[in-house]
Structure formats: structure tokens, C-alpha cells
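Notes for the structure review
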Amino acid sequence: MLCFMGGLILQHSSQVPLEKREKLSESLPSLITVSRGALKRVAMMGCAVKLANVLSGKPVFDCYRLFCERYGDDAMGYIDFEYYFYRFYNGHVDFTHERRMDANQKELSVLPAELLAKVTGYLTAKERGNLRLMSKKFKTVVDMEPVTVEQIIVDWTTNVFILQINEKKIEYKIFHGLFGMVRFMRNGVFEDDLESALSCFAQVMKHPKLRLRHLALKFPMDVFPEKRERLLKCLPNSLDVKTAILQASADDTLTILSHSKPGVLNGILVTGCPEELGPIFESEHWKQAKETNVVSGQNFSNSFPLFYSFPCFHIRVNSMELNDLHLLIANVAKNPSFQFCMIKAGNVKSWFVEPFPMEERRENDGSLTHRYQIPDSTTWCNDGIHIDRND
């Protein structure tokens, strides 16, 4: 229903209770009378806009943005706008009322810091990050209490960027055009950059008392160097993280580890060739971690000696000689810290009975697998060779 009065166009909405709409409509004549009197025209236009927005059921933040677009940013402060907005919404439509008449009105910021800290404890990590930017007092309040995040995952390939913080996810599809042009799509809308995701990541990481249980970062190796550098700069100097899965270049992996706390980081998984990851294996983070794992892709099994000293590792090779596998088993058995490994091969050469008496088994799907029982451990060859140390 449209109501034309005094040059104002108001639209009733079913989102506002009927009795409130009727009371607001009855007050329009007083609005027109007062507007001809003492109040300034801009103020009354503001009241009219606020009244129309209340009737339309729009959120207060959107209403204030529209108000500033029409009448300028200095026409009325947000605190005053919010005050009158909710007065109108609750049916208090006395347009001669001035805010200073309410002596008991209090602002949230005047509450004790300890009480505010309890209130902010109900906010998510991202919401706390936004609150820190509002004022020095809110920054201090948010920083008083530690915030625990279960997981932060960045899965970044040449075609997709995914940021997940706990259960909330931001996903971009990446399109590569001619002449190196790159476009990013989020929720079906093209955007110029990954700004929303990178800002969200930065806000969470900036909390000085962040406690992170699990961090998983997967970076593209050869694209987006500037954006990767920006994301890495968001990491705090001393990140409290329990476990980390890092699929990146050796340099990026070392940078990430250098921002974490040695001793606090209990589990680490890294990817790459052991020869390139040498500085990581010499770091205190690696030495003090309770669980370490290396995932590597190799061309040939003659690279197996690089892994003899690791407690856990996964290797994918294009071609494997069984003699190399035999040497691997013999050497990891001498390693007191060895726990398990997984070997996958695209092609296996030199199938012979000794020293590997393989047991053939026909699977339900008709495929043929080979199983070899290693003393004091368990081995199977369903989709690779899995070796466990049996204590």
C-alpha cells in the first residue's frame, strides 16, 4: 500500500506489525506540521527517510547507508540515526522529541571492559576481527580474551581458491583469459580480486591470542606470487597452532613454519623432495614435533634412500624396482623412529618370487592384487604398499 502525504512516499510492509504501521501513519500530520516550524529541512527529510525505511523493513545499516547517499555523510551520525530508527520501529513517533531528553541512554562502549569481553566471547573469529577495527577500546577488549579456532584451510589451485574457517567457507572460481587476464567469480558474480577472502584471513590471524588447532595450506607453485606473498604476510610472528599440513614450495613452507611456535606444533606434514626440504628438517619445529610426515612424488624408486631416516612418509613413483623396495624395507627396519610408510607405483618392474614371496589374491571386481607379509609389520598392495611397524 502506498501512502502520499506531504510530498512523502511511504510503502507499508508486512514485515512491520500492523499496529506499528497504523501508529506511524497517524503521526504523519505532526511530521508535516513540525517540518513547517522549528526543525531544519534536512533533519525532517532524514526523519521521513528513516520512517519510510522502518516501514519497508530494511536493516538499520542499509537504511543509514541510503540516508548518507541522499543527504551526505555529515547530515547525521550513525549513533543518532540508530537511536531514532529504533524509536520509530517501536512506535515512538514524537517528532518533537530530541535525543538529549533521554538522560538514561547509554552507549555500548561505556560498559566496563570486563563485561564487554564476556559479550564479545559469543562472537566468531571473523566477527571479532571486524570489531577490533571499530575503535581502540574495542580492539583492547577483543584482545583481552583468547580465541580458539578449530581449523583454517586454504585450498588454492590454478582454478579454485577456497578459504574455510571452522565451518564457514569462501570459494572463488578462477578463470584465465587471453594475455594473462585473470578473473575471479564468487557466488556467480565476478570480482576483481580475492579481497574478501584475504581480508577475512588477515582479520582472524591478527588476533594476538589466537589459538589454532589445525592449519592446512595448499598453494599453487607457479602462479599468483603477489597474492601468495600477501597471504603469508598475514601470518603472526608467533602462531599458536597444533597441527599443520603444508602443500607449497620449500621456501613458502619454511616461511610458514618460521611463523609458528616450536614445541606447540605437534604434527607437521610437508610435501616435496627431501633434498629441497633440508632446511625444514633442520628446524626446531620439525625436531620438536611429535608426528612428522613427508609426501613426495618421484620418478624412480632409486630415490628411496632419501626417506630411510623419516618416521613417516608417503611416496608416489612413476616406476619402481622391487630391489629398491627390498632395500627400503631393510633400512627402515633399522630406524628406531620409523612408524609407517605408504608406497604407490605407477609401474612395477622385476617381479620375482625371492626374496618377495607374493601372495596373489583375486578381488571382487576381478582385479589381481599381490600381498607380502613383512615380519613384525603389516603390508598390503590394494592401492599401494603400506608398511607399519608392529610394536
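Conventions and cut-offs
- Residues numbered from 1 in each chain as written.
- Predicted model: local features only at pLDDT ≥ 70, side-chain atom pairs only at ≥ 80, totals over all residues.
- Heavy atoms only, no water.
- Phe/Tyr/Trp six-rings, centres within 6.5 Å; stacked < 30°, edge-to-face > 60°.
- Helix = DSSP H or I, 4+ residues; strand = E, 2+ residues; numbered from the N terminus.
- Buried < 20%, exposed > 50% of the residue type's maximum accessible area, 1.4 Å probe, protein only.
- Pairing = 2+ DSSP bridges.

Glancing now at the packing of aromatic side chains. All chains considered together, the criterion is met by 11 aromatic pairs. For the pair Trp-156 and Phe-219, a centre-to-centre distance of 6.0 Å together with 80° between the ring planes defines the contact as edge-to-face. Pair noted here: Trp-156 is in strand β3 (residues 147-156) and Phe-219 is in the loop between β8 (210-218) and α10 (225-233), with a separation of 63 residues, a long-range link. Across the pair, Phe-219 and Trp-156 agree in class, each one buried. A network of ring pairs unites the aromatic residues Trp-156, Phe-161, Tyr-172, Phe-184, Phe-219 and Phe-224 as a single cluster.

Bringing the pairing of strand β6 (residues 182-186) into the picture now. Both strand β5 (residues 168-176) and β6 contribute to a ladder of 4 bridges, which runs antiparallel. Residue pairing across strands places Ile-174 opposite Phe-184, the latter belonging to β6. Hairpin geometry of β5 and β6 is characterised by an intervening segment of 5 residues between the two adjacent antiparallel strands and by a positive phi of about 60° at Phe-179. Note that β6 and strand β7 (residues 189-191) share 3 bridges and pair antiparallel. Opposite Arg-186, over in β7, you have Val-189 as the bridge partner.

The next point concerns the pairing of strand β4 (residues 160-165). Extensive coverage of β4 is indicated by the burial of 5 of its 6 residues. Alignment of β3 against β4, held across 5 bridges, turns out to be antiparallel. Paired with Trp-156 across the two strands is Phe-161, which belongs to β4. In this structure, the hairpin formed by β3 and β4 is closed by a connection of 3 residues. Where β4 and β5 come together, 6 bridges link them in antiparallel fashion.

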